[in-house]
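Structural features, examined
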Amino acid sequence: MKIDRRLTLGERLCCVVFPARCLCCGRAVLPQRLFCDSCAGSLPEDWENRKLYLKEAPEGVLQVKACLPYDQGFRRTLHRLKFQEERALAKPIRQLMGEAARSFGLVFQAVVWVPMSDKKLRQRGYNQSELLARSMAKELNLPALAALEQVRETGFQHTKSLVQRVDNVRDAYQATHAVAGKDLLLVDDIITTGATLLSCTQSLYLAGAKSGCGLCAASTSLRIVEEESQSEKEAR
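As a starting point, this report considers the structure included with it.

The rules behind these values
Residues numbered from 1 in each chain as written. Predicted model: local features only at pLDDT ≥ 70, side-chain atom pairs only at ≥ 80, totals over all residues. Heavy atoms only, no water. Salt bridge = Lys/Arg side-chain N within 4 Å of Asp/Glu carboxyl O. Helix = DSSP H or I, 4+ residues; strand = E, 2+ residues; numbered from the N terminus. Buried < 20%, exposed > 50% of the residue type's maximum accessible area, 1.4 Å probe, protein only. Pairing = 2+ DSSP bridges. Axes fitted to C-alpha atoms, helices over the stretch in contact; angles between N-to-C directions. Contact = heavy atoms within 4.5 Å.

This part takes up the pattern of salt bridges. Taken as a whole, this structure holds eight salt bridges when the rule is applied. The salt bridge partner of Arg33 is Asp37, with a shortest N-O separation of 3.1 Å. A salt bridge links Arg94 to Glu139; the shortest N-O distance between them is 3.4 Å. Within this pair, whereas Arg94 is found in helix α4 (residues 90-102), its partner Glu139 is found in helix α6 (residues 128-140), the two being separated by 45 residues in sequence. Across the pair, exposure class does not vary: Arg94 and Glu139 are buried alike. Several salt bridges converge on common partners, so that one network encompasses Arg94, Arg102 and Glu139.

Dropping the structure here:
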């Protein structure tokens with residue numbers, strides 16, 4: 001896993017005013033660095049790889065890669081991107097995700113993302129998965145397609161069990177025929193059980209997509225999410 005990133009002249013100048021920071025602990029780092037030396041030493045050697053059963057897929061599975069575990073400092077980083085409007089974080093994260101995308105060894109024709117409902121989009125003001133996907137598309141020199149729509153309101157996944165998660169997102173998404181015949185990279189911020197990615201990918205195949213793979217910034221387990229949700233309830 002690379003710990004350095006490529007910078008344009010404009011980005012280097014920006015770092016003079018706004019210093020680059022480690023994506024895990026938040027310490028100031030050299031402009032080209034994604035992580036400080038301490039955090040870099042504890043990074044996993046490879047991406048997390050998952051295979052999720054999906055009967056619509058050509059080989060019966062959806063391949064998913066995630067860059068880092070959703071814990072400690074990187075969790076705080078994604079919270080800043082997701083809830084604190086630090087949208088600029090999508091740029092350094094995209095270099096991690098770009099490296100993971102290339103490790104599939106496949107040729108993608110477009111990047112798509114997990115959508116939000118109109119209600120949730122109005123509440124938050126932006127979709128963090130779209131930010132990551134559009135940034136990723138630039139990294140890979142691919143078009144970013146707004147090809148997925150959430151057609152019904154769903155509850156928050158992080159409060160639900162495995163079975164509830166599957167039911168919550170069943171038939172919740174619809175894809176346009178712009179994906180027909182294309183090999184697609186589907187982007188989301190975090191994978192837990194994979195229920196949302198599976199529901200979205202199923203919609204892509206129903207709209208005629210040729211193939212699809214999933215890519216997330218982070219991965220976590222249902223146990224960790226349940227513990228976090230319980231902690232939030234106790235803190236109220």
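As for its placement among the helices and strands, Gly125 is situated in the loop between α5 (118-124) and α6. Residues Gly125 and Glu85, 40 residues apart in the sequence, show an inter-C-alpha distance of 8.8 Å.

The next point concerns the sheet that holds strand β6 (residues 183-191). Across the sheet, five strands lie side by side as β1-β2-β7-β6-β3; this open sheet has mixed pairing. At either margin of the open sheet sits one strand with a lone partner, and together these are β1 (48-53) and β3 (110-113). Direction aside, the axes of adjacent strands within the sheet are offset by 25° on average. Relative to the sheet, helix α3 (residues 72-83) contacts β2 (61-69), β6 and β7 (211-219), its axis offset from that of β7 by approximately 110°. Taken strand by strand, α6 contacts β3, β6 and β7, and its axis lies near 135° from that of β6.

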